[in-house]
Every structure is written in C-alpha cells, then in structure tokens.
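A closer look at the structure
So you can see what is in the structure, the chains are spelled out below.
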Amino acid sequence: MLTADEITEIDKAISLVPVRKAAGIEALKIVQQRRRWISDETLRDVATHMHMSAEELDSVATFYNLLFRRPVGRHVILVCDSISCWVMGYENLVKALQQKLNITFGETTKDSRFTLLPNCCLGCCDGAPALMIDNDLYKNVTADQLGEILGIYE
Amino acid sequence: MEKPLTEHIRPDGKPLSLKEYEAVGGYSALRKVMGGMTPREIQGVVKDSNLRGRGGAGFLTALKWSFVPLDAPKPKYLIANADEMEPGTFKDRILLESTPHQLIEGMILAAFAIQASESFVFLRWAYKVAAHAIEKAIHEAYDAGYLGSNILKSGFDLDMHLHTGVGRYMCGEETALLNSLEGKRATPRAKPPFPQISGLFGRPTIVNNVETLCNIPHIVNKGSDWFKRLSRTEDSGTKIYGVSGKVKRPGAWELPMGVTMRELIEEYAGGMQDGLRFRGALPGGASTDFLVEEHLDVRMDYAGVAAAGSRLGTGTLVVLDDHTCPVGFVKNLEHFFAQESCGFCTPCREGLPWIEKILQGIEDGKGREKDIDLLHMHTRYLGPGNTFCALAPGAMEPLQSALKYFKADFDQHIHEHRCPYHAIPATLEHA
C-alpha cells in the first residue's frame, strides 16, 4: 500500500506532465526515498497508481542504475569505477573498503548499515579517486581516511 | 585573457545569488532581447558567432535551432543537457554549481529563439550540490519575473523545471534523454524525425549542452565578432578544458579555444607527477581516440583534434602515464561502455561485453595472438553505421587508437602471459 504522503507526492509529479506514465520514474524515486528500495509489492502498487502494468514499470525500474530493486542498507556507498579514478587508485581503495566492511560489491553489511556498489564516473575526475555515501561526495579518498568517513554514518 | 563563463565564479565556488549575478551584468542580455529583438535576430547573432555544441558532438548551435518551426503551436521544449556522464568529464559541474543563473538566462534566451514554452534542466543524479543551486536559482528567477508568464512584460511565457536522472550514460544521448523524460527506458530513437520536429511528447524540442547554453547571454550582449576573437583559431569562443590522471594539478580552466594539449598538461596541470612520463591522453572523454606524444602541440579545437585523428569531444583530457597499463586502461573504458549499453541493438549489446572479456583475458595473461585480430574486427563491426546510436562507435575510438599506439604493450602481455605493469594490482572482479 502506498502511504497518503507518497500518493500526494506522486500526484504532484503527475500533474506536471502531459502523459501520466511520464511521471513513472519520479514515482519510483519518491517511494525509494521513503523505503530505501523498491520491492515487488511496492512496484505493483506504484504501477497500479500509474495505470501501468507492473511489467512495464519494472522494465523502467530495472533499466536505471540508481533505482534499487533489491534491499539496500541504511547507507549506500557508490565508488566511482571510471577511468580517472581507476588511474588514481580505485582498486586499492575498493580493496580497503571491502576489507573494512567485510562485503563485496552488491552486498550489504549484516547490520544493514552499508551497501557497497560500483558507480560510473561521478564527474569529479580532478578529485579522483572519489566516492559518494548517500548524498555526500568524498574526493581524493585514501584508504587511511575510510575509518573516519564511514564513522559519520550510523 | 577573457573568461566570460567563469570570471565571476566566487573563490569558494558557492553559487552566485540572483543579486550577485545581476550585479555583474546578469540578465542584461535577457532585458536586451525582451526589449525588442526577434527570435530570428537571436538566431542570427548565434549563427554569426559560429558557436558549436560543447557536449561532445560539436554541431553548430544556431543550425540546430533553425530546424525548429517557429510557427508551430505550443508546446515546444528547450532542454539543458546536464547529464554530464562521459567518464573523465567534469566541466559542466563547475558551471552548474557556481553560476546557475547564467545557465537559466542562456536557457531563457535559447527558448525565446525557438519560441519554446517549457524548459527542463536534465541533471544527473550525482550532482547534488548543483541540484540544490539550480532549484534555488529557478525559484529566484520566477520571483524576479524572468520566468513564468509575460516575462519582463514582453508577452513571452516560459516555465522551467529541474529533472534529476536516475543514472544511465545513455541519458546523455539526446533522443534517449527524451525517452527518459517521458518516463521510459533511455533507449535512443530513430532519426528522422529529428527532435527539432518531433521530440519530447512528439513536440519540437531542442537539447543543448550546459556549456553551450551558458555562452548565449554573452554572445547576445557582446556580439558575434567579440565571440570569435576570444579564440585563437577558427572555432570561436572559449572552452572549459580539464585534465585528470597523474598530473601535478588536475583541474579545469576556461581558456581560449585552440590552446595546445602541451599547454594544458604542462602549464595548467603543472606537468606529470614526479617520476612519471606522458604516454597519451584521451582528449575529450572516454569515447575519443588517444592522442600521443607526437600530438602534444595539436591545437585543442574541433578541426585541430580531428586532423590528429581524434575528437575534441568534451575537451576534458584523461592522461595515461608510463606506469599505468594501457591494456588495463582500455579495459576499464570498455567495461563502462559494456555496462552502459542500453542493449537495444545487437552489435553494441553483444560486442562490448565480448571486447571487455578479451581485454580482461589479455590483462590476466591469457591473451592469444588472434585476440588482437578479434579486437580489430570489433572496431569495424561496432564502428559508425553499424549501430543504432553513437555509443558503440564512441567505445571503439579509444580501443582502435590503443591498438595502434600501444601495440607493443598488447603484444608483451600476450607473449609474457602477464601484465608487465607491476604497480597495478590485479583487477577486482565486480560481484
């Protein structure tokens, strides 16, 4: 079931576009913001509200890298794996992160605190290697700084 | 040296407020146009300026606009492509974060030039700081009467919305971007019809890059001759160039169009890090051919880079040094392209993962002589004309040039059954 608040927000998005379906991505963003990820049940509820089949909406949901169709932790770590970061030490950074969190890409820590994902170029190649945690960007990240950075996120 | 796009950026990089932007001449171009210029007149000034798209393709901006029927009924759309996702590219970010009103003014002028009634900023998800800056600036522009109905009492109406994407390289391709704005998978559309005739929701639409649009207010204010004089070459204007990789001072700088690669690397980026030598660079993002030492004095404009066998692209260099494996470097690029292929057409969907696997094999010491032929074959099969959009041909540019300039490295990997660059640890598998 979608909450009243979710429906209000989704309807606002629908009002801005000439075709109801065009707000589908926005609707998925709205529910993901509140639920962290989009379960099959959530997807069906959103699709019903959008007057779409679940299959059609899922074809959209699964296309985009940052719509999560599997559970994620409280915080999502996106490590830039594109060229400038790779040149500047991405692989060592990832090794250190994986050791510290004891997970590999695509996994979530047992306490649901962090999910670790690779991500395309974050657009701060002059601050490589870079990573994002939730909405925060970290540049020129070294393995030594990881403890302090991760400590910010509970 | 004039730097119209960036001269007013604050030292701390924080966005200029509406008041601050107006204090340095902001929205005076809009007042000038609303005071009595016609859409055709703006198109004429921009045409004379010879402004070319700064997003990578370098198409003439005014020519693109000219295909929009001015008398078509509403709605028509103007879209700022702020989905900067070309690996190695970080130039639009600076403009988006620091001078959001410059972009908005450029968008209003462009919208007026094609008589659009609605506009969108299509912003990539990762640019959180920019999203906040633009959201705020759009509100300020509405409050000041620069957006909405009857702008500056001219009778011209324009609405503007910020749309943040959900992550896919394909969204940078203009027809895929339109599909994404319509809530669909970001797959490219067949052309014709071109978006200028049938774009967003089937209506005439222009998609322009952020840096392109930011140039418009200055061209309107100071004229096309001034704009041409900014550059050192036939391609007019300034360009925001960038350098990343193992140089002393990676960064981005607005410079006259046509500076050389040597100036960018040695003067602006401070040269290579100590103990490292320059081996090559992608001149304009991941989908451009390598240039090497013999090209250091090539002028970084559209014609100069093309004559050297590559493309200016986004103008942001990614440098390859002599301690970094060229095979691993290209493998990283092809991994990106394979992952970001939308899967719509076969050569791209099937070919790119195959290439990535071959390169991984070579990097792991399992390469065979015939792998080189296979890679060459792919550069032809995935080249221009064989795929639906420019993603796969773009992906072939660094590969074909790496095979040409770094052939000895490929051969050494295959003959020695290992990667000779010990400094680079084995590539981690993506789970």
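Residues numbered from 1 in each chain as written. Chains lettered and ligands numbered in written order. Predicted model: local features only at pLDDT ≥ 70, side-chain atom pairs only at ≥ 80, totals over all residues.

Below, the discussion takes up the overall build of chain B. Within chain B, the secondary structure is distributed over 17 helices and 9 strands. Its C-alpha atoms give chain B a radius of gyration of 22 Å, within 12% of the compact-globule value 22 Å for 431 residues. For the C-alpha atoms alone, the extent of chain B along its principal axes is close to 75 × 45 × 35 Å. Split into buried and exposed, the 431 residues of chain B put 56% on the buried side. (Helix = DSSP H or I, 4+ residues; strand = E, 2+ residues; numbered from the N terminus. Rg over C-alpha atoms; globule rule 2.2 N^0.38 Å. Buried ≥ 20, exposed ≤ 12 C-beta atoms within 10 Å, placed from the backbone.)

Let us look at the nonpolar core. Residue and element names in this part refer to chain B. Formed by 176 residues in total, the largest nonpolar core has its most connected members in Met107, Ile108, Leu109 and Ala110. Of the residues forming this core, the biggest block, 10 residues, is contributed by helix H6 (residues 100–114). In contact with alanine 110, other than residues within four places in its own chain, are Leu78, Ile206, Asn208, Leu213 and Ile216. (Core = buried A, V, L, I, M, F, W, Y, C linked by C-beta atoms within 7 Å. Contact = placed C-beta atoms within 7 Å.)

Remark on secondary structure: sheet strands pair via backbone hydrogen bonds, oriented parallel or antiparallel. Residue and element names in this part refer to chain A. Read across the open sheet, the 4 strands follow the order E2-E1-E3-E4; overall the sheet is mixed. Pairing within the sheet leaves two strands with one partner each, and these edge strands are strand E2 (114–119) and strand E4 (136–138). Here the average twist between neighbouring strands, direction ignored, is 20°. In this structure, strand E3 (residues 131–133) lies alongside E4, joined through 3 bridges in antiparallel fashion. Residue leucine 131 lies in a different strand from E4, and its bridge partner there is tyrosine 138. (Pairing = 2+ DSSP bridges. Axes fitted to C-alpha atoms, helices over the stretch in contact; angles between N-to-C directions.)

Here the domain parsing of chain A yields domain 1 (4–61) and domain 2 (75–151). For domain 1 of chain A and domain 2 of chain A, the distance between their C-alpha centres works out to 29 Å. (Domains from an automatic or database assignment.)

Turning our eyes to something else, we now look at the interface of chain A and chain B. By a frequent convention, interface size equals the accessible area lost on bringing the separate parts together. On the chain B side, the residues contacting the 40 residues of chain A number 42 residues. When contributions to the side of chain A that touches chain B are tallied by element, the ones reaching two or more residues are helix H2 (24–35), helix H4 (54–61), helix H5 (83–87) and helix H6 (90–101) of chain A. Residues belonging to the side of chain A that touches chain B are distributed by class as follows: 24 nonpolar, 10 polar and 6 charged. (Nonpolar A, V, L, I, M, F, W, Y, C, P; charged D, E, K, R; others polar.)

Residues and elements named next belong to chain B. Of the positions making up helix H17 (residues 407–416), those classed as buried are Asp409, Phe410, His413 and Ile414. Along the axis of H17, the buried residues cluster in a sector spanning 135°; they form a single face. Of the exposed residues in H17, those oriented more than 90 degrees away from the buried face are Lys407, Ala408, His415 and Glu416. If you follow the buried residues of H17, they end up packed against helix H13 (326–340), helix H14 (346–363), helix H15 (369–381) and helix H16 (391–405). Downstream of H17 by a residue or two, histidine 417 has a phi angle that is positive, lying close to 55°. (Arc of directions from axis to C-beta.)

Residue and element names in this part refer to chain B. Helix H9 (residues 210–222) packs onto helix H5 (residues 91–98) with a crossing angle of 50° between their chain directions and a minimal axis gap of 9 Å. When the axes of H5 and H9 are compared, the pair comes out oblique. Between H5 and H9, the residues in contact are Lys91, Asp92, Leu95 and Leu96 and Val210, Glu211 and Cys214, respectively. (Parallel < 35°, antiparallel > 145°, perpendicular 65-115°, else oblique.)

Once that is clear, we can look at the confidence of the model for chain B. Residue and element names in this part refer to chain B. On average, chain B scores 96 in pLDDT, and the residues at 70 or more come to 98%. Ignoring residues within four places in sequence, the model shows residues 423–431, a span with pLDDT below 50, making 19 contacts including any to other chains. The ipTM assigned to the predicted complex is 0.96, against a pTM of 0.96. (pLDDT = per-residue confidence, 0-100.)

Residues and elements named next belong to chain B. Burial of strand E2 (residues 118–123) is extensive: 6 of the 6 residues sit out of reach of the surface. Neither face of E2 is open: one carries Glu118, Phe120 and Phe122, the other Ser119, Val121 and Leu123, and all of them are buried. In this sheet, E2 lies alongside strand E1 (residues 77–82) in parallel orientation, the contact comprising 6 bridges. In the strand pairing of E2, isoleucine 79 is matched with phenylalanine 120. Chirality of the crossover, the property in question, places the unit of E2, helix H7 (residues 128–143) and strand E3 (residues 159–164) among those that are right-handed. (Right-handed = clockwise from strand over helix to strand, strands pointing away.)

Residues and elements named next belong to chain B. With respect to the element layout, methionine 170 can be found in the loop between E3 and helix H8 (174–181). Sequence separation between methionine 170 and phenylalanine 337 is 167 residues; the distance between their C-alpha atoms is 9.9 Å. Not counting chain neighbours up to four residues away, the residues in contact with methionine 170 comprise Ala176, Ala186, Thr187, Glu340, Cys342 and Leu391.

Assignment of secondary structure puts glycine 44 of chain B in helix H3 (residues 39–49). Here the alpha-carbon distance between glycine 44 of chain B and alanine 113 of chain B, two residues 69 residues apart in the chain, equals 9.6 Å.

So, on to the domain arrangement of chain B. All names here are of chain B. The domains assigned to chain B are domain 1 (18–229), domain 2 (241–319) and domain 3 (326–416). Here domain 1 and domain 3 have C-alpha centroids that lie 35 Å from each other. Contacts between domain 1 and domain 3 engage 9 residues on the former and 8 residues on the latter. A breakdown of the residues in the side of domain 1 that touches domain 3 according to their chemical character gives 5 nonpolar, 1 polar and 3 charged.

The mixed open sheet is built from 5 strands, whose spatial order is E6-E5-E9-E7-E8 (chain B). The open sheet terminates on both sides in strands that have one partner only, identified here as strand E6 (251–256) and strand E8 (291–292) of chain B.

A few words now on the pairing of E1 of chain B. Walk down a regular strand and you will see the side chains alternate between the two sheet faces. All names here are of chain B. Buried residues dominate E1, accounting for 6 of its 6 residues. Residues Tyr77, Ile79 and Asn81 point to one face of E1 and Leu78, Ala80 and Ala82 to the other, with burial holding for every one of them. Pairing of E1 with strand E4 (residues 205–209), which is carried by 5 bridges, proceeds in the parallel orientation. When the bridges of E4 are listed, isoleucine 79 appears paired with valine 207.

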